[in-house]
Amino acid sequence: MLLEKVEEISGENLYACYQCGRCTAGCPMSGEMDLMPNQIILAIIRNDESVLNARTPWICAQCYQCGVRCPKNVDIAKIMEALREIKLRKNVNYIDVRKINRSYPQIAIVAAMRKFTG
Amino acid sequence: MKLPYYPGCTLKKNAKNFEISAMAAAKHLGIELIELPRWNCCGAVSSLTSDDVMHHVAAIRNLVRVQQMNDDGILENEYRLIVLCSMCFNVLKRSNMLVTSNASMLNTINSFMDTEPDYEGTVEVKHFLEILRDEIGFERLKNAVRNPLKGLKISPYYGCTLLRPKEIGIDDAESPSIMENLIEALGGDVADNPYKSLCCGSYHTVGNAEVVAQRTYKIIEGARRNGADVIITSCPLCAFNLDNRQALTEKLYPGFKRMPILYFTQLMALAFGYEKEAGFDGNFINPIPLLEEKGLIGMKVQK
């Protein structure tokens with residue numbers, strides 16, 4: 001089941017979330033997301049596998065703002081990482097490494113490869 | 001004071017002026033930053049999964065080098081590792097925290113690195129800004145200034161990895177003051193920015209430059225509304241996104257005016273009288289006209 005898998009990979013207790021929405025309110029990327037961070041948590045709790053096809057975890061830039069503001073200390077960045085990892089561990093890459101512009105700073109290239117390729 | 005120093009990849013290429021200016025500023029304050037021998041890339045971002053040990057090896061191997069420098073007599077009982085790049089700082093500190101609180105994980109990593117000495121958990125990862133605040137102090141910094149940045153309105157940009165998560169951040173995650181104090185010590189004026197810790201889009205710059213350019217706009221306009229002439233940062237990825245991406249921001253937002261983006265160490269070097277080492281020719285948006293207009297460069301510095 002999805003919930004179990006996410007809990008195992010992230011190490012987070014998703015039931016701690018009481019849907020206050022502070023993560024979404026503070027998220028700098030929420031405008032680009034199809035599901036808001038708090039909706040992602042709810043979908044996982046409901047074992048809704050369609051959440052694996054959401055754009056949201058790939059838009060998350062791991063800025064940790066949500067985790068800092070969560071009144072229940074849920075580390076939402078870890079939950080987003082778990083959703084990405086479920087895909088990446090099946091060798092489904094989000095970006096084509098061959099298309100990366102090599103003049104970009106190393107820090108950008110290495111980070112993108114770490115987060116978007118398995 | 002001799003301190004071991006981890007540069008990270010980007011400071012050797014795209015952000016050379018960050019390293020050179022930091023070295024000059026540190027030397028002026030009596031700090032000798034000694035580059036770690038045989039350092040390797042830290043990985044730029046941390047793996048956040050609970051079952052991933054492999055991706056912490058690179059970070060821990062760097063910490064082993066600090067131990068070796070002490071064993072080899074290059075350092076004398078100095079286990080504070082100084083980092084300039086915010087992202088490297090975050091990664092190294094997180095991996096260090098993980099292994100020092102998880103003996104079995106440390107054991108796995110040590111067994112895996114079978115050609116290296118064991119990591120003993122003795123290293124403390126510190127950002128250079130922390131050394132300025134806690135070791136040098138802003139009062140001493142102020143006294144070291146030879147070319148005060150009078151009339152320059154400087155807006156601090158913290159970004160994410162210097163402040164978050166809380167257990168890694170060097171200052172209050174929601175209301176930091178370390179860069180503001182530095183700006184004041186250098187004789188500059190602080191221009192606040194409500195978006196000073198808003199994420200710039202980070203590594204999305206690789207595949208989704210527009211998302212970054214939109215954030216660049218928001219962050220720069222936030223600083224400009226508070227009167228900023230220039231923004232300072234401590235992250236080479238933020239610097240790329242705020243500086244180089246303004247070319248795209250300009251196309252997305254007609255009427256947008258460019259603003260120079262500098263590393264905080266460049267302004268330190270300038271204020272300490274090392275104009276050449278400040279490396280202003282390395283920034284995408286040329287800060288020299290602004291600094292000339294403010295009378296801060298091309299002047300004889302009083303020694």
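Everything quoted here is computed from the prediction, not taken from an experiment.

What follows concerns the overall build of chain B. In terms of regular secondary structure, chain B is built from twelve helices and eight strands. Over its C-alpha trace chain B gives a radius of gyration of 19 Å, about what one expects of a compact globule, namely 19 Å for 303 residues. By the burial criterion, 53% of the 303 residues in chain B qualify as buried. Pairs at least 24 residues apart make up 77% of the contacts formed inside chain B by residues separated by at least 6 positions.

Of regular secondary structure, chain A possesses seven helices and zero strands. What you see in chain A, going N to C, is helices and strands ordered as α-α-α-α-α-α-α. Taking 13 Å as the expected radius of gyration for a compact globule of 118 residues, we find that chain A reaches 14 Å, a close match to that expectation. The principal-axis extent of the C-alpha atoms belonging to chain A is close to 45 × 30 × 25 Å. Across the 118 residues in chain A, those meeting the buried criterion constitute 42%. For chain A, long-range pairs separated by at least 24 residues make up 60% of all intrachain contacts whose partners lie at least 6 apart in sequence.

Residue and element names in this part refer to chain B. Here we have four strands laid out as an open sheet, ordered 2-1-3-4, and parallel in their pairing. Both edges of this open sheet fall to strand 2 (32-35) and strand 4 (124-127), since each of them pairs with a single strand only. Across the sheet, the mean angle separating the axes of adjacent strands is 45 degrees when strand polarity is ignored. Looking at chain direction, strand 3 (residues 80-83) and strand 4 are connected through four bridges and run parallel. Each bridged residue has a counterpart across the sheet, and for V83 the counterpart in strand 4 is H127.

Within the fold, T108 of chain B resides in helix 4 (residues 103-112). Counting along the chain gives 55 residues from T108 of chain B to V53 of chain B, while the straight-line C-alpha distance between them is 8.0 Å.

Moving on: the interface of chain B and chain A. Of the residues lining the interface, 32 residues belong to chain B; the matching set on chain A comes to 30 residues. Taken together, the elements giving at least two residues each to the side of chain B that touches chain A come down to helix 8 (209-225) and helix 9 (236-243) of chain B. With three residues, the single largest contributor to the side of chain B that touches chain A is helix 9 of chain B. When its residues are assigned to classes, the side of chain B that touches chain A shows 17 nonpolar, ten polar and five charged.

Bringing the sheet that holds strand 8 (residues 261-263) of chain B into the picture now. Pairing in this open sheet of four strands is parallel, and the strands run 6-5-7-8 (chain B) from one edge to the other. Of all the strands in the sheet, just strand 6 (189-190) and strand 8 of chain B have a single pairing partner and so form its edges.

Moving on to the packing of helix 1 (residues 16-28) of chain B against helix 11 (residues 264-271) of chain B. Residue and element names in this part refer to chain B. Across the interface, helix 1 lies against helix 11 with an axial gap of 8 Å and an inter-helix angle of 40 degrees. Considering their axes alone, helix 1 and helix 11 lie oblique with respect to each other. Relative to helix 11, the crossing made by helix 1 is left-handed. Counting all contacts with helix 1, which are made through N17, F18, S21, A22, A24 and A25, the residues of helix 11 involved are T265, Q266, M268 and A269. Looking at side-chain class alone, the contact of helix 1 with helix 11 contains six nonpolar, four polar and no charged residues.

Where strand 1 (residues 2-6) of chain B and strand 2 of chain B come together, four bridges link them in parallel fashion. From the neighbouring strand, Y5 of chain B faces strand 2 of chain B, where its bridge partner is E35 of chain B.

Residues and elements named next belong to chain B. Annotation of chain B at the domain level lists domain 1 (2-129) and domain 2 (147-293). The straight-line distance from the C-alpha centre of domain 1 to that of domain 2 is 25 Å. Of all the secondary structure elements, the ones that give two or more residues to the side of domain 1 that touches domain 2 are helix 1 and helix 3 (86-100). When residues of the side of domain 1 that touches domain 2 are assigned to their parent elements, the largest contribution, nine residues, is made by helix 1.

Residues and elements named next belong to chain B. The biggest cluster of nonpolar side chains holds 134 residues, and the ones touching the most others in it are V83, L92, I231, I232 and L267. For this core, the domains that each give at least three residues are domain 1 (2-129) and domain 2 (147-293). Non-local contacts of I231, meaning those with residues more than four positions away in its chain, are made with S155, Y157, I220, A223, L242, M259 and I261.

Before going further, it helps to examine helix 2 (residues 57-71) of chain B. Given 3.6 residues per helical turn, the α-helix brings residues three or four places apart onto the same face. Look at helix 2 of chain B: 21 Å from first C-alpha to last across 15 residues, which is about the 21 Å you get at 1.5 Å a residue. Inspection of helix 2 of chain B places A59, I60, N62, L63, V64, R65, V66, Q67 and M69 of chain B among the buried residues, and these make up the whole buried set.

Here the focus is unusual backbone geometry. Residue P165 of chain B is bonded to the preceding R164 of chain B through a cis peptide linkage, with omega at -10 degrees. Of note, P165 of chain B is situated in the loop between strand 5 (153-156) and helix 7 (178-185). Even without being a glycine, Y64 of chain A presents a positive backbone phi close to 70 degrees. Along the chain, Y64 of chain A turns up in the loop between helix 4 (56-59) and helix 5 (65-69). Residue Y64 of chain A is classed as buried on the basis of its 24 C-beta neighbours within 10 Å. One non-glycine residue, R38 of chain B, lies in the positive phi region at around 50 degrees. Looking at where R38 of chain B falls in the secondary structure, it is placed in the loop between strand 2 and helix 2. A tally of 9 C-beta atoms within 10 Å means that R38 of chain B is categorised as exposed.

What follows concerns helix 1 of chain B. Residues and elements named next belong to chain B. Taking 1.5 Å per residue as the helical rise, helix 1 with its 13 residues ought to reach 18 Å, and the 19 Å between its terminal C-alpha atoms agrees with that figure. Summarising burial for helix 1: ten of the 13 residues are buried, a large majority. Buried within helix 1 we find N17, F18, E19, I20, S21, A22, M23, A24, A25 and A26. Where helix 1 ends, the next residue or the one after it, G30, has phi of about 80 degrees, a positive value.

Quick notes on the rules
Residues numbered from 1 in each chain as written. Chains lettered and ligands numbered in written order. Predicted model: local features only at pLDDT ≥ 70, side-chain atom pairs only at ≥ 80, totals over all residues. Helix = DSSP H or I, 4+ residues; strand = E, 2+ residues; numbered from the N terminus. Rg over C-alpha atoms; globule rule 2.2 N^0.38 Å. Buried ≥ 20, exposed ≤ 12 C-beta atoms within 10 Å, placed from the backbone. Contact = placed C-beta atoms within 7 Å. Pairing = 2+ DSSP bridges. Axes fitted to C-alpha atoms, helices over the stretch in contact; angles between N-to-C directions. Nonpolar A, V, L, I, M, F, W, Y, C, P; charged D, E, K, R; others polar. Parallel < 35°, antiparallel > 145°, perpendicular 65-115°, else oblique. Left-handed = near helix turned anticlockwise from the far one by under 90°. Domains from an automatic or database assignment. Core = buried A, V, L, I, M, F, W, Y, C linked by C-beta atoms within 7 Å. Expected span 1.5 Å × (residues − 1).

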